[in-house]
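Tertiary structure, described
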Amino acid sequence: MFYHSILLLLILQSYCIVACGTNNDSLLDVLDKTISEQKKYDTRHEAAISRYRKYAHKRGYIAQYNYNAMMADAYKTYRHDSVMIYLNKNWNLSLAHKDVYRAMKSHICVASLFLSEGLITEATNMISSMDKHYLKKGQLADYYDVFMRTFMALANDSNTKGNKEYCRKMEFKYCDSLKSVLDKKDIRYQIAEELRFLNIGDAEKALDINSKQLEYIRPGSLIYSDVCINRARDYKYMDDREQEKYWLINAAINDSRLAVKNGRAICLLAHLLSVDDDTERPITYIRHSWNETKLYNAPQMNIDAFNELSSISMLYHSKIQKQRNSLWMYITITVLLALLLTSAVYFVVRQRKKNSITLDNLDVTNSQNSQLKINNKMKEEYIGRFMSLCSESIDKLDSFRKTINIKAKTGNLEEYLSKKNLRKLRDEDQNELLKNFDNAFLNLFPNFIDEFNALLLPEQQVQLGEEECMNTELRIFALVRLGLEDSSEIADFLNYSVYTIYNYRARIRKSSILPKEEFDRAL
């Protein structure tokens, strides 16, 4: 049961990771669309600033101070030079009226602005030059907040252990001082408490505090971006990259829609994506951040943004180079495999040719063997026929001798040896020879007649009688089939003239469907 529970938790965790990854993809599409519409949000922000200008004509020290503060707040994340102009106006205005409270307030605003722009030394000098005894409770919170964030930045940037520990100690000190002058429901109190738990390694507690902030802070406010960035940092400590990415995307979308030019979220997101994103999004986002920073026009931020752009560009080009190297490696492997395949195909084709030649030779050998078998069979048949004919001849001679003796005793010898009777005896022997030849040949070549007719025109094919085995035409070419090609020899065997044999052969060749040379080879 325990192992089943563990397995179920792992499956649920995998599902959540996949779901979160899919959600991040859709959020990145939203961010891309928001960036492409940046001009629309800038126009809307500038229209709001233009509406504020209607209060510029108001007279009176307090009214003018409040107008400058309102304009400085409008330009705080939009134009560095403009916000400095209005803060300096309030500084000079409060000094002219010897208003220590408002002078200190302007001084703290400038220090906080310097700190957000990365001018840590300038911010430290400004805030250190102030006497906190002249500050009221609300100003003390801003004063401690600037000191806390200053030492937090110094601790994060410090490379030496001793200096880092000192800065972290001072950060905790001012964090406690800040909380002492704030109400627990104040967002700055909750952020300070979140940072404290995060710095002591309790990321889950820090995340719980951040979740409470999100219950009442909604998108559309500057503080929402800060809360999202802090939440992403909490997840970073928990090594949850997908959630870290998710909240940085939300912060970047919020900054873009509020026309924030000095936002940190898009830069942090570009860094995160550059590690595990193979698309061009990281370089696109850092270029967008660079363009926005140039519009904000803070010197130190321009330098930092340029460094960030160079760093990510180098990382991006490094990835491109690795991909090129991998591509060349794959091409090389592909070429080698192609060469091996070509060699294999060549070897197979060559081997098949060799096999084909071997098979052809084997066919020739088999054909020769078959012919040898036929020849051997023919020899056996010929020997058998020869022995049989010899025996028959001896019997006939013996019978002829006996008949002559009998005819000599009876006085009929001359009549028996007359030409007519001898011709009859010769014809009987000739017919018997041909009959034996026909039987012997057809026994060796039973399909000879059909094969012979297949070489002739249909109307010229040989037609045999009921009792005929072969006729003269068939016997002539049967002898040719046996290798007896001389017409005079064929004539002697068949007891015909040479001219008659020649005419038979010529007539049959003219009746063939093949030329003369091919007919002889086919036969």
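Here's what I pulled together on the structure shown here. Worth saying up front: this structure is predicted, and the values here are computed from it rather than measured. Residue positions are given per chain, counted from 1 along the sequence in the order it is written. Per-residue local features of the predicted model are confined to residues with pLDDT of at least 70, and side-chain atom pairs are confined, for both listing and counting, to 80 or more; whole-chain, interface and lining totals are unaffected and use all residues. Calculation of side-chain values draws on the structure's entire complement of heavy atoms; hydrogens and water are dropped beforehand.

Further remarks concern a nonpolar patch on the surface. The grouping of Leu 327, Trp 328, Ile 331, Val 335, Leu 336 and Leu 339 at the surface amounts to a nonpolar patch, some 620 Å² of accessible area in total. A helix here means a DSSP run of H or I that spans at least four residues, while a strand means a run of E at least two residues long, and both kinds are numbered starting from the N terminus. Locating Val 335 in the fold gives a position in helix 15 (residues 299-410). Nonpolar side chains (Val, Leu, Ile, Met, Phe, Trp, Tyr) are joined into patches within 5 Å and like charges within 9 Å, using only residues with over 30% relative accessible area and no salt bridge. Surface accessibility in these figures is a Shrake-Rupley result with a 1.4 Å probe; residues are shielded only by whichever protein chains are displayed. A pairing counts as a salt bridge when a side-chain nitrogen of Lys or Arg comes within 4 Å of a carboxyl oxygen of Asp or Glu.

For helix 2 (residues 38-52), with 15 residues, the first-to-last C-alpha span of 22 Å sits near the 21 Å given by 1.5 Å per residue. For helix 2, the full list of buried residues reads Gln 38, Tyr 41, Asp 42, His 45, Ala 48 and Ile 49. Burial along helix 2 is one-sided: seen end-on, the buried residues are contained in an arc of 120 degrees. Residues of helix 2 that are exposed and point over 90 degrees away from its buried face: Lys 39, Arg 44 and Arg 51. In this scheme, a helix's expected span is set at 1.5 Å multiplied by one less than its residue total. We call a residue buried when its accessible area falls under 20% of the maximum for its residue type, exposed when it is over 50%, and partly exposed in between, using a 1.4 Å probe and counting protein chains only. This arc describes the spread of directions from the helix axis toward the C-beta atoms.

Right, let's get into the nonpolar core. Of all hydrophobic cores here, the largest spans 79 residues; its most connected members are Leu 31, Ile 127, Tyr 143, Leu 269 and Tyr 285. No other element matches the eleven residues that helix 7 (residues 137-157) contributes to this core. It only takes one pair of heavy atoms within 4.5 Å for two residues to be counted as in contact. Look past the residues within four positions of Tyr 143 in its chain and what remains in contact with it is Ile 108, Ile 127, Met 130, Lys 132 and Leu 135. Put simply, buried Ala, Val, Leu, Ile, Met, Phe, Trp, Tyr and Cys residues joined by side-chain atoms within 4.5 Å make one nonpolar core. Counting residues in each nonpolar core, the second largest holds 25 residues, with Leu 434, Leu 442, Met 470 and Leu 494 among its members.

Cavity: a set of points on a 1 Å grid over the protein atoms alone where a 1.4 Å probe fits but cannot get out. Pocket: an open set with protein on both sides within 12 Å along at least five of seven lines, its lining residues, like those of a cavity, having an atom within 4 Å of a point. Grid points are joined across faces, edges and corners, and a volume is the space filled by probe spheres set on the points. For the structure on display, the rule yields one cavity of 30 Å³ or more. Estimates place the volume of the largest cavity at around 130 Å³. Lining the largest cavity are 15 residues, with Asp 255, Val 260, Ile 266, His 288 and Glu 292 sitting closest to its centre. Of all the secondary structure elements, the ones that give two or more residues to the lining of the largest cavity are helix 1 (2-36), helix 12 (241-257) and helix 14 (281-296). Broken down by element, the residue count for the lining of the largest cavity peaks at four residues, all from helix 14. Three categories are distinguished: nonpolar for Ala, Val, Leu, Ile, Met, Phe, Trp, Tyr, Cys and Pro, charged for Asp, Glu, Lys and Arg, and polar for the others, with Gly belonging to the last. The residue inventory of the lining of the largest cavity, partitioned by class, reads five nonpolar, seven polar and three charged.

Pairing of aromatic side chains requires ring centres within 6.5 Å, counting the rings of Phe and Tyr and the six-membered ring of Trp. Pairs whose planes differ by under 30 degrees are stacked, by over 60 edge-to-face, and all others tilted. Counted according to the given criterion, the structure contains 17 aromatic pairs. Their ring planes at 10 degrees and their centres at 6.1 Å tell us that Tyr 75 and Tyr 86 sit as a pair that is stacked. Here Tyr 75 is found in helix 3 (residues 61-75), whereas its partner Tyr 86 is found in helix 4 (residues 80-96), with eleven residues between them in sequence. In terms of burial, Tyr 75 and Tyr 86 fall into one category: buried. Here the aromatic rings of Tyr 143 and Phe 147 are separated by 5.0 Å at their centres, their planes lie at 75 degrees, and the arrangement is edge-to-face. Here Tyr 143 pairs with Phe 147, and both are found in helix 7, just four residues apart, close to one helical turn. The pair Tyr 143 / Phe 147 is uniform in exposure class, with both members buried. An aromatic cluster of three or more residues is present, and its members are Phe 437, Phe 441, Phe 445, Phe 448, Phe 452, Phe 477 and Phe 493. Lying over the aromatic face of Tyr 65, Arg 102 brings its terminal NZ or CZ to 5.7 Å of the ring centre. Only Lys NZ and Arg CZ are tested; either one counts as a charge over a ring when it is within 6 Å of the ring centre and within 35 degrees of the ring normal. Against the face of Phe 197 rests Lys 205, its NZ or CZ located 5.9 Å from the ring centre.

Okay, helix 21 (residues 498-510) next. Helix length check: helix 21 (13 residues) gives 19 Å between terminal C-alpha atoms against 18 Å at 1.5 Å per residue, within 8%. Residues of helix 21 that are buried: Ile 501, Arg 505 and Ile 508. For helix 21, the angular spread of buried residues about the axis comes to 65 degrees, placing them on one side. Seen from the open side of helix 21, the exposed residues pointing more than 90 degrees away from its buried face are Tyr 499, Tyr 502 and Lys 510. Those residues of helix 21 that are buried are in contact with helix 18 (448-454), helix 19 (472-481), helix 20 (487-494) and helix 22 (516-522).

Moving on, we come to the side chain of Asn 210. Positionally, Asn 210 belongs in helix 10 (residues 203-213). Of note is the side chain of Asn 210, whose polar atom sits 3.1 Å from the backbone oxygen of Val 227. In this structure, Asn 210 is in contact with Glu 194, Val 227, Asn 230, Arg 231 and Asp 234, ignoring residues within four places of it in sequence. N or O atoms within 3.5 Å of each other form a polar contact, as long as, within protein, one can give a hydrogen and the other can take it, and as long as residues adjacent in sequence are counted only when both atoms are side-chain atoms.

The analysis is restricted to geometry; functional conclusions fall outside its scope.
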